[in-house]
Amino acid sequence: MSTLKALATLIAKPNRLKALLSYGHKGYLNSTGWFTAFDQKQAVDGRGKALPWVTYSFIDFIKERITKTQHIFEYGSGSSTIFYAERAGKVTSVEHDKGWFDKVKGTSPANAEMIFCELHRDGEYARKATLLDNKFDIIIVDGRDRVNCCKYSLEALSPDGVIILDDSEREVYQPARVLLKENGFKEISFSGISPGLFYEKATSVFYKASNCLSI
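Let us look at the structure shown here. These numbers come from a predicted model, not from an experiment.

Criteria and cut-off values
Chains are numbered independently. Their residues run from 1 in the order of the written sequence. Predicted model: local features are reported for residues with pLDDT of at least 70 only, side-chain atom pairs are reported and counted for 80 or more only, and whole-chain, interface and lining totals are derived from all residues. Think of the side-chain values as coming from all heavy atoms in the structure, minus any hydrogens and water. Going along the chain from the N terminus, every DSSP run of H or I of four or more residues is numbered as a helix, and every run of E of two or more is numbered as a strand. Burial classes: relative accessible area under 20% of the type maximum marks a residue as buried, over 50% as exposed, and values in between as partly exposed (1.4 Å probe, protein chains only). In summary, the pairing rule links any two rings of Phe, Tyr or Trp, Trp by its six-membered ring, whose centres are within 6.5 Å, and it sorts them by plane angle into stacked for under 30 degrees, edge-to-face for over 60 and tilted for everything else. Site definitions follow a grid-based scheme: protein atoms alone, a 1 Å grid, a 1.4 Å probe that fits but cannot get out for cavities, and for pockets an open set with protein on both sides within 12 Å along at least five of seven lines, plus lining residues having an atom within 4 Å of a point. Grid points are joined across faces, edges and corners, and a volume is the space filled by probe spheres set on the points. Just so you know the grouping, Ala, Val, Leu, Ile, Met, Phe, Trp, Tyr, Cys and Pro go in nonpolar, Asp, Glu, Lys and Arg go in charged, and all remaining residues, Gly too, go in polar. We treat two strands as partners when DSSP finds at least two bridges between them. Whenever a carboxyl oxygen of Asp or Glu lies within 4 Å of a side-chain nitrogen of Lys or Arg, that contact is scored as a salt bridge.

Within the secondary structure layout, Phe 38 lies in helix H4 (residues 34–40). In this structure Phe 38 comes out as partly exposed when scored by relative accessible area, which is 45%. Residues Phe 38 and Cys 149 lie 111 residues apart in sequence; the distance between their C-alpha atoms is 29 Å.

Once that is clear, we can look at the packing of aromatic side chains. What the rule picks out here adds up to twelve aromatic pairs. Ring centres of Phe 58 and Phe 190 lie 6.0 Å apart, and the angle between their planes is 65°; this geometry places the pair in the edge-to-face category. Linking Phe 58 in helix H5 (residues 56–62) with Phe 190 in strand E6 (residues 186–194), this pair joins segments that are 132 residues apart in sequence. Residue class for Phe 58 comes out buried when judged on its relative accessible area of 0%. Consider the rings of Phe 73 and Tyr 75, whose centres lie 4.9 Å apart with planes at 70°: the pair is edge-to-face.

Here the idea is plain: a probe the size of a water molecule rolls over the atoms and shows the empty space left. Considering only enclosed or pocket space, the largest pocket measures out at about 690 Å³ in volume. Trp 53, Ser 77, Gly 78, Ser 79 and Trp 100 are, among the 29 residues lining the largest pocket, the residues nearest its centre. Classifying every residue of the lining of the largest pocket gives eleven nonpolar, ten polar and eight charged. By volume, the second largest pocket is sized at about 240 Å³. As for the second largest pocket, its lining consists of 15 residues, of which Asp 45, Leu 51, Ile 59, Asp 60 and Lys 63 are closest to the centre. Those elements giving two or more residues to the lining of the second largest pocket turn out to be helix H3 (28–31) and H5. For the lining of the second largest pocket, the element with the most residues is H5, which contributes three residues. Broken down by class, the residue content of the lining of the second largest pocket amounts to six nonpolar, two polar and seven charged.

Here we come to the pairing of E6. Across eight bridges, E6 lies against strand E7 (residues 197–207) in antiparallel orientation. Within E7, the residue paired with Glu 187 across the bridge is Phe 206. Linking E6 to E7, which pair antiparallel, is a turn of two residues; within it Gly 196 sits at a positive phi near 75°.

Counted according to the given criterion, the structure contains 16 salt bridges. Between Lys 63 and Asp 60 there is a salt bridge; the shortest N-O distance is 3.6 Å. For Lys 63, a relative accessible area of 32% corresponds to the partly exposed category. Judged by relative accessible area, Asp 60 falls into the partly exposed class, the value being 46%. Among the ionic pairs, Lys 90 bridges to Glu 113, the shortest N-O distance being 3.6 Å. Taken as a pair, Lys 90 in strand E2 (residues 90–95) and Glu 113 in strand E3 (residues 112–116) lie far apart in primary sequence, 23 residues in all. What makes Lys 90 partly exposed here is its relative accessible area of 33%.

Have a look at this one:
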């Protein structure tokens, strides 16, 4: 819908405009801190604390299930690194953008390990979780080359590990969903909006019967 058409609709339906204006101080958008994230153009809650740029429904699901015994691996870094490090024992993040890597590394917590790796499709970046001498409880795929990242993550999971794929509604990532299900994983998809953004998206958790999130 064009901006002019949207404005015309609001003028024709003044109750919609009244409701939208009221959401600045009450309701879901206010309670989640959506307006703060929108104003700051960052993934934060209403108090300015870091959030991952995923759906609010997934944030509500995961925030109480992460424990200090868990080691998380992240494809992609940012405010999510801070969020997960506050809850997990350790977070390891791989980042392909050197400028962003330098910025995030300077603000990352002590239990967050940052790794820079140049991006080449189906290259070292996608394999990074398998190249480390670790098995990870949670692997979060929210960077580039996501289908290959999911494929190689299978080798890097702990026995009760889970894989999380952000933007799982996108057609380009459907091969990853198919692959994980073919390898015995079930999927829970958390759809909705995310911090500061108003389009609908999805964040999916792939898990087996025995899993570290008590699903």
